[in-house]
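# Structural characterization, general
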Amino acid sequence: MTLIYELMERRGTPLIQQGKWATGPCPKCGGEDRFRVVANNGREYYSCRRCDAHGDAIQFLRDFEGKSFSEAKELTKAAARTLTGETSMPQNIDDEGQWFEASLDIIENASTYLSQNKKAQDRLRQCRGINPGTAELFLLGYIPKLLKYERENFGFPLRHKDELDRPIYIPSGFTIPIFRKEELYGVQIRRDEPYREQRYFTIPGSELRPMIFRGKSTKIIIVVESYLCGILVFQETKGRYTIVALGSASVRPDDDADSILQSAKTVLVALDSDAAGVQHAWHNWMERYPNATRCPIPSRFGKDPTDAHLNGLVLEEWVNAGIDLATERRAKETSRLLSLGKQRAKVIHIATVEDTQETIDEICEMCPAIGVAVHVKPSRAFTEHPQGNWHPRFACVSHVAVYAKAVNKIFLFEMGVIKKRHLNPLWDLTVVCHDGVELLRHFAVLRSKNVTIESTLLMGNALTNGRMDIAEAFKEFTGETLAVRDDPILDTAYRALALGTLLKRLEDKMQREDKRLYRRMRDAQQAIAAMELAGIAFDAEGHTAFVEDWRQKRTRSKAKLPETLYLGKDEAIRAWIKDHLSPELLKDLKRTNEGKISLADENLAICPHPEITALREYRRLNLLIDRYENFPSYLDPDSGRIHSQYLLGGTATGRTTNCAPCLHNLPHVPAVRRLLTAPHGKKLLIADVSQSQLRIAAELSGDRAMLRAYANGADLHMETAAQVLGIAFNDVSKEERSIAKAVNFGLLFRQGTNGFTTYAARKYSIDFTPSEAESIREDFFYAYPGLAAWQEEVIKDVEVSGSCETPGGRLWRPRNGVEFPSPQQALGFMIQGTEAEIMLDALTGLHKGLAKHDARLIHFVHDEVLLEVSDEPNVIEAVSALVTHNIAAAFRRMFPEASVDGLVEIRAAVDWGCPGSGACSCARHGAIVMRLKSSVGPDSGNYKVKATALS
């Protein structure tokens, strides 16, 4: 017995086998005969058609037996067995040929008996409406009495727990062979007398599959539940139409049935109309087959076609009425006019490959440009996956709406039988959509073609620095409302229609600089989509160890705090701090705008109190656990890779952000970053733009000292250390260089004395007194007067005009009266915005160049790019040169006179956490770590790469 079967027996509600399913009352809603259990490949699954409860054996134990996950997992390990006796299906068949011969023998004997016994023929006609000629056509038969077979007759192994060879008993009744293309899949018997309320018995080893009775037409298909109902409808319609008989309402169309249903013009769904399950089943059919029309039997005639026929309904007339109803519905839909403001467009539903080809030809001949919107839904296997609503590995495109303004039509392609390749000619046109990355992501063919996808989302971003969905953008730029429709398919058509008006308004508003900024983001869409599709290999076992270590450390930190302290509420923590800190320490703590003690870590860091230290450690670990413990839920179960989403223009500065899950904010701890790995035979190529923001500040400010340092290939951190600490350049130590890093990056955005002191302590663990910090600030700006002057100029411009602009054209535009809350933010906007523009330009060129190499982009963090490459040394060298060239070229396009010597540092390793220089400390990896620097003469366009292999 299977585990669920045994548990149901203990509950006093035993399961009864019907085909591969065991059925019984649902333990959740109590619905009779709606709860089903199936065993497949050693695992059990359950579902209820009434309350939609579903899951595997582990979930059953958790939901209905009160077990924890670990307890449930242990209980299921030794219980993955199939059902026994008549209420079970065999786990395997030793001799399939023997099973076939035994089943065929039953079919032939029963068919012969029925053809020769008038009484049995009359009974078939009276109880099922089927005449002898139809019975002979479909090899129906009759078994007059209970038959006993030994298991070895069917080629079954001994499998009962006491090793007894339990016989197989086959009841009397009408036999129904389950055929598909002349191949036998099983035998079903409609019992003369129901057994435990079960009318049908399926011979063990059979497979319930939809049966297709092909008629003269395959454009009109009638779907019924039972095989006998399908045979009767075929008989009564004289074989004019194709019938699909599922065998059970729980059976879904397989590939053959799905193909014929998708290609049909009209599908009449006539599933049994008995109580629960019908509405749920119908919803699934409509979602899958938009060409389907519900065609139930009128309730006064019964629940299925057989009941209706026996009660006087003429089935041929009923089918004709259903066809008329479907034709009327289709006519209404295809003639529907969508209205949006002054726009009007006719909706044309396309559901077949033939219609698709004709429509594509029409669009390509008539339309230079099209607006495209897609409807994405989770694939059946990934409805619960956190990325099931957007990533192609876990989601599928169900509909594509194409708005062809030239012919004033919206073509709604119903994907299924229509494949993505059938839409290929469309991408040679000018394609406009809201989110171009989404389209590129789902239509992977676009990545290998030189196509341009215009994006209204990115146009809006170039104008506002924000990311708006299409409804928000439509309201912002047209002043009209684009309401979200309850019907997602209709909503997709409206979104396609909205692109016509939205595009025109955005193009009218965009100025020259806006267009330049927009084109840079637009051209980077293919690189971004490629990264999303590629994903990155993830060490799930290492992650589990990290999270467990964090939990243990959190427990130890909590143990150092008073038991009475409630850590889940900020006000309780503030009250405890007031009670435990001296007035002197409390005086130094910063307050929020509401006058409360700030609980920010950098604020609490100034308190040398052991319990405050434990509190900080607890809060830090608690944040790490909350943020990262769910990472494995994002894994692709097949590849073990994580696919995260990248949002172009995700911040006001234009930086690309990352989510679902966020890999940008991983702790800067090598051991944590080692979780992002390279698979066997590959290496991670990690390219970092050295001192990116300092270099950009040097170019924007024109500071001579900074520019001279980079032109000479000097280390600016050592230069700064020499200047502010008053020592010779060659005497600067490692510790003194670390101090200079804190100074350079802290004062780059003109932090004040207090801010700089806090930054140095928090980021670099360097404690400056206020007087030391002030002295260092003075020396820094004295050493770099050009930088100081530029900072003052930017701040002054913002104060006067309320605006500033990056070299790439991104303009700070205060919206709703919101201005810069601090000068540092204006400087950050200029520097980070420029960095984002350079890196997008570099990614665009790099993505195109990678087509010639065994390499692909997998991650991108502001000034750092990760690629997965073959571990062949020549490939690593060639791709390293390509990366270096593209980043240096992008930097030069922004700053034509810039020095790019030492701009790019590259290392090859097996994970992200391997060090960037010196010997690799993680011996288990055996990584080859490389540093590559680009060097270029002031007038030369040739980029040379220097590589050093470090053991």
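Residues numbered from 1 in each chain as written. Predicted model: local features only at pLDDT ≥ 70, side-chain atom pairs only at ≥ 80, totals over all residues. Heavy atoms only, no water.

All chains considered together, the criterion is met by 33 salt bridges. Residue D304 pairs with K303 through a salt bridge whose shortest N-O separation is 3.4 Å. For K303, a relative accessible area of 32% puts it in the partly exposed group. With a closest N to O distance of 2.6 Å, E629 and R551 form a salt bridge. Taken together, the residues E629 in the loop between α23 (610-628) and β25 (641-642) and R551 in helix α19 (residues 540-559) connect sequence positions 78 residues apart. Looking at E629, the relative accessible area reads 35%, which means it is partly exposed. Three or more residues joined by partner-sharing salt bridges are found here, namely K118, D122 and R125. (Salt bridge = Lys/Arg side-chain N within 4 Å of Asp/Glu carboxyl O. Buried < 20%, exposed > 50% of the residue type's maximum accessible area, 1.4 Å probe, protein only. Helix = DSSP H or I, 4+ residues; strand = E, 2+ residues; numbered from the N terminus.)

This next bit is on the side chain of T653. Along the polypeptide, T653 turns up in the loop between β26 (645-647) and β27 (657-659). Using a relative accessible area of 11% as the deciding quantity, one classes T653 as buried. In this structure the side chain of T653 is engaged in a polar contact, spanning 2.9 Å, whose partner is the side chain of T651. Ignoring sequence-local partners within four residues, the contact set of T653 consists of R810, G828, F829, Q832, G833 and A836. (Polar contact = N/O pair within 3.5 Å; in protein donor to acceptor, adjacent residues only side chain to side chain. Contact = heavy atoms within 4.5 Å.)

What follows is about the sheet that holds strand β24 (residues 536-538). The sheet built from three strands is open, its strands ordered β25-β24-β28 with antiparallel pairing. Only two strands of the sheet have a single partner each, and these edge strands are β25 and β28 (676-677). By the bridge criterion, two bridges tie β24 to β25 in an arrangement that is antiparallel. Within the sheet, the bridge partner assigned to A537 lies in β25 and is R641. (Pairing = 2+ DSSP bridges.)

Counting 144 residues, the largest nonpolar core has V400, F413 and L867 as the members making the most contacts within it. At 11 residues, the largest contribution of residues to this core is made by helix α32 (residues 823-849). L114, V224, L246 and I297 belong to the second-largest nonpolar core, a separate cluster that totals 57 residues. (Core = buried A, V, L, I, M, F, W, Y, C linked by side-chain atoms within 4.5 Å.)

Tallying each qualifying case throughout the model produces 20 aromatic pairs. With a centroid separation of 6.4 Å and 50 degrees between ring planes, the pair formed by W550 and Y628 is classed as tilted. Placement of the pair is W550 in helix α19 and Y628 in helix α23, with a sequence separation of 78 residues. Owing to a relative accessible area of 9%, W550 belongs among the buried residues under this scheme. A centroid spacing of 5.6 Å and a plane angle of 55 degrees characterise the contact between F891 and F895, whose relative ring orientation is tilted. The exposure classification of F891 matches that of F895, with both residues buried. Among the aromatic residues, ring-to-ring pairing joins F538, F546, W550, Y628 and F631 into one connected group. Over the ring of F443 we find K420, and its NZ or CZ is 5.6 Å from the ring centre. A cation over a ring is seen here: R673 above W912, with NZ or CZ 4.0 Å from the ring centre. (Phe/Tyr/Trp six-rings, centres within 6.5 Å; stacked < 30°, edge-to-face > 60°. Lys NZ or Arg CZ within 6 Å of the ring centre and 35° of its normal.)

Quick look at the environment of G828 now. Residue placement: G828 occurs in helix α32. In this structure G828 comes out as buried when scored by relative accessible area, which is 9%. Measuring from C-alpha to C-alpha, the distance between G828 and A697 comes to 10.0 Å, with 131 residues separating the pair along the chain.

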